[in-house]
Amino acid sequence: MFTVFIVGTAGSGKTTLVSAFAEWLENNQYDVALVNLDPAVEYVPYVPDIDIRDVVSARELMRKYKLGPNGSIIAAIDMLAVRAQEIKSQIMDIGANYVLIDTPGQMELFAFRSVGSVLINRLSVDRSAAVFVIDATQAQTPSGYVSSMLLALSTQFRFNLSQVNVLNKIDLLDKPVIDEILEWSEETDLLKEALLSDQVNKLEADLSVRLSDVLTAVGTLSRPIPISARTGEGLDALYRVLHNIYVGGSDYD
Ligand code: GTP
C-alpha cells in the first residue's frame, strides 16, 4: 500500500489532481482508494472512499461553536488527529495499492501546524510520499516561482516525507514560459538574472535573490514535474517518479 498526500496552496489543483491521477492509475490497473481530508470542501469531483466530512464538518463546527471559517477548519483538523487511528483502519480495510489523500485547501492551517504532521504520520500506511502542487500561473514570474519553491521546501521539512513537486495547470501557459520556469529550477544564474530584470521593486528583487541562494544552498529541491490535472498531460511522468519512491529508489529519475 502506497499513501500519497496531495498538498498545495489554495486553488492550486489538489482536488482536480486527485481525481485525474486516480483515473490514470485505474486505467493502468491499479486499485486506488480516495480519501478526502478537507473538512471544508463543498464539492469533490470524485467519489471518496473515506470522506472526512462524514466524521467532522467544518460547516457544522462553525454553526455549533460560532467559529469563523478558518477557526472551524483548525478545530476540525484537531478533531481528526484524535480519530486518526480509526481512519487509518478504514484505509487499511480497503486494501488498495494506492491511497490518494486530498488535503485541506488552506494549506497553512494544515501543513504549518504541528497537528498536520501528526495526522500525516498517523495516516501513513506502509510507504508514503507527498506531492506538492504548484500553480504554474503563480510560478510564471521569477518572484512567484521563488515563493512557490519556498513553500514547497517548508512543506518538505514539515512532513519529512519523500516529496515530489509538480507544476500544475501547464495547459494555461505557452511552452516557452513553461520551459523558462523549468530552467530556473536547474540554473540558479538564470533565475537570478530573471529576478533582477523583472522586479520594479529593488527590495523585493534583493530579497528574492537571497531566497534563491537559500533554495540552492539547501539543494534538496528538484525540478518540478510539469503536469495538467485538467488534460492529464504529465501524469505518466508523475507516476514514474512516485513508483520509484514506492519501490525504494531515488526520489527522482
Ligand atoms: P482548494 O482545496 O479549494 O484550495 O482547491 P484545490 O487545490 O483542490 O484546487 P481545485 O482542484 O479545486 O482547482 C481549483 C481550480 O483550478 C478549479 O477551477 C479547477 O478546475 C482548476 N484547475 C485545476 N487543475 C487545473 C489544470 O491543470 N488546468 C486548468 N486549466 N485548471 C485547473
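Please read these numbers as outputs of a predicted model, since none were measured by experiment.

Each value, and the rule that gives it
Residues numbered from 1 in each chain as written. Predicted model: local features only at pLDDT ≥ 70, side-chain atom pairs only at ≥ 80, totals over all residues. Heavy atoms only, no water. Helix = DSSP H or I, 4+ residues; strand = E, 2+ residues; numbered from the N terminus. Pairing = 2+ DSSP bridges. Expected span 1.5 Å × (residues − 1). Contact = heavy atoms within 4.5 Å. Buried < 20%, exposed > 50% of the residue type's maximum accessible area, 1.4 Å probe, protein only. Near = heavy atom within 4 Å. Polar contact = N/O pair within 3.5 Å; in protein donor to acceptor, adjacent residues only side chain to side chain. Areas by Shrake-Rupley, 256 points an atom, 1.4 Å probe, with all protein chains shown as cover. Nonpolar A, V, L, I, M, F, W, Y, C, P; charged D, E, K, R; others polar. Phe/Tyr/Trp six-rings, centres within 6.5 Å; stacked < 30°, edge-to-face > 60°. Axes fitted to C-alpha atoms, helices over the stretch in contact; angles between N-to-C directions. Parallel < 35°, antiparallel > 145°, perpendicular 65-115°, else oblique. Left-handed = near helix turned anticlockwise from the far one by under 90°. Core = buried A, V, L, I, M, F, W, Y, C linked by side-chain atoms within 4.5 Å. Salt bridge = Lys/Arg side-chain N within 4 Å of Asp/Glu carboxyl O.

Engineer: Just to check I follow, could you spell out the environment of Ser197 for this structure?
Structural biologist: Within the secondary structure layout, Ser197 lies in helix α9 (residues 188-198). Taking the C-alpha atoms as reference points, Ser197 and Asn244, separated by 47 residues in sequence, lie 38 Å from one another.

Engineer: It is not clear to me how the sheet that holds strand β3 (residues 50-51) should be interpreted in this structure. Could you clarify?
Structural biologist: Neighbouring strands of a sheet are bound in pairs by backbone hydrogen bonds; such pairs are parallel or else antiparallel. With parallel pairing, seven strands are arranged side by side in an open sheet as β3-β2-β4-β1-β5-β6-β7. Across the chains shown, the open sheet's two edge strands, defined by having one partner strand only, are β3 and β7 (225-226). Bridging between strand β2 (residues 32-36) and β3 involves two bridges; their strand directions are parallel. Bridged to Asn36 within β3 is Asp51.

Engineer: Got a minute to help me understand helix α1 (residues 14-27) in this structure?
Structural biologist: Residues that lie three or four places apart on an α-helix share one face, since the helix turns once every 3.6 residues. The end-to-end C-alpha separation of α1 is 20 Å, in line with the 20 Å expected for 14 residues at 1.5 Å each. Packed against the buried residues of α1 are β1 (2-8), β2, β4 (98-102), β5 (127-135), β6 (162-168) and α11 (235-246). Count one or two residues on from α1 and you reach Gln29, which has phi positive near 70 degrees.

Engineer: Sorry if this is basic, but what is going on with unusual backbone geometry here?
Structural biologist: Negative phi is the rule for most residues except glycine; trans is the rule for most peptide bonds. Positive phi, normally seen in glycine, also occurs at Lys66, with a value near 55 degrees. Looking at the element boundaries, Lys66 is found in the loop between α3 (58-65) and α4 (69-82). Overall, the relative accessible area of 74% leaves Lys66 in the exposed class. In this structure, Lys169 is a non-glycine residue whose phi angle is positive, near 75 degrees. Tracing the backbone shows Lys169 in the loop between β6 and α8 (175-186). Lys169 sits in the partly exposed class, given a relative accessible area of 21%.

Engineer: Is there a simple way to explain the site of the ligand in this structure?
Structural biologist: In the vicinity of the ligand, 17 residues are found, and the nearest of them are Lys14, Thr15, Thr16, Asp171 and Arg230. In this structure, a nitrogen atom belonging to the ligand sits 2.7 Å away from a side-chain N or O atom of Asp171. Bound to the protein, the ligand loses 74% of the 650 Å² it would expose on its own. If one sorts the elements of the shell around the ligand by residue count, α1 sits on top with three residues. The class makeup of the residues in the shell around the ligand is three nonpolar, nine polar and five charged.

Engineer: Which parts of the structure should I look at to understand the packing of aromatic side chains?
Structural biologist: Describing an aromatic ring pair means giving the distance of the ring centres and the angle of the ring planes. What the rule picks out here adds up to 10 aromatic pairs. Ring centres of Phe2 and Tyr246 lie 4.8 Å apart, and the angle between their planes is 15 degrees; this geometry places the pair in the stacked category. Of the two residues, Phe2 is situated in strand β1 and Tyr246 in helix α11; the sequence distance between them amounts to 244 residues. Overall, Phe2 belongs to the buried group, its relative accessible area being 0%.

Engineer: Teacher, can you tell me more about the packing of helix α7 (residues 142-159) against helix α10 (residues 202-218) here?
Structural biologist: Packed helices, taken two at a time, are described by the angle their axes make and the gap between the axes. As a packed pair, α7 and α10 sit with axes 10 Å apart at the nearest point and diverge in direction by 40 degrees. By the angle between their axes, α7 is oblique relative to α10. Handedness of the crossing formed by α7 with α10: left-handed. Of the residues in α10, those in contact with Ser143, Val146, Met149, Leu150, Leu153 and Phe157 of α7 are Glu204, Ser208, Leu211, Ser212, Leu215 and Val218. For the contact of α7 with α10, the residue count by class is eight nonpolar, three polar and one charged.

Engineer: Where do I start with the nonpolar core in this structure?
Structural biologist: Side chains that are nonpolar tend, in soluble globular proteins, to be buried together. Of all hydrophobic cores here, the largest spans 56 residues; its most connected members are Leu37, Ile91, Leu119, Tyr145 and Leu167. Excluding its chain neighbours within four sequence positions, the residues that come into contact with Leu119 are Leu37, Ile77, Leu80, Ala81, Ala84 and Phe110. Formed by 30 residues, the second largest nonpolar core is a distinct cluster that contains Phe2, Leu25, Tyr46 and Val133.

Engineer: Whenever I open this one, the pattern of salt bridges confuses me. Can you help?
Structural biologist: Taken as a whole, this structure holds nine salt bridges when the rule is applied. The shortest N-O distance in the salt bridge between Asp51 and Arg53 comes to 2.7 Å.

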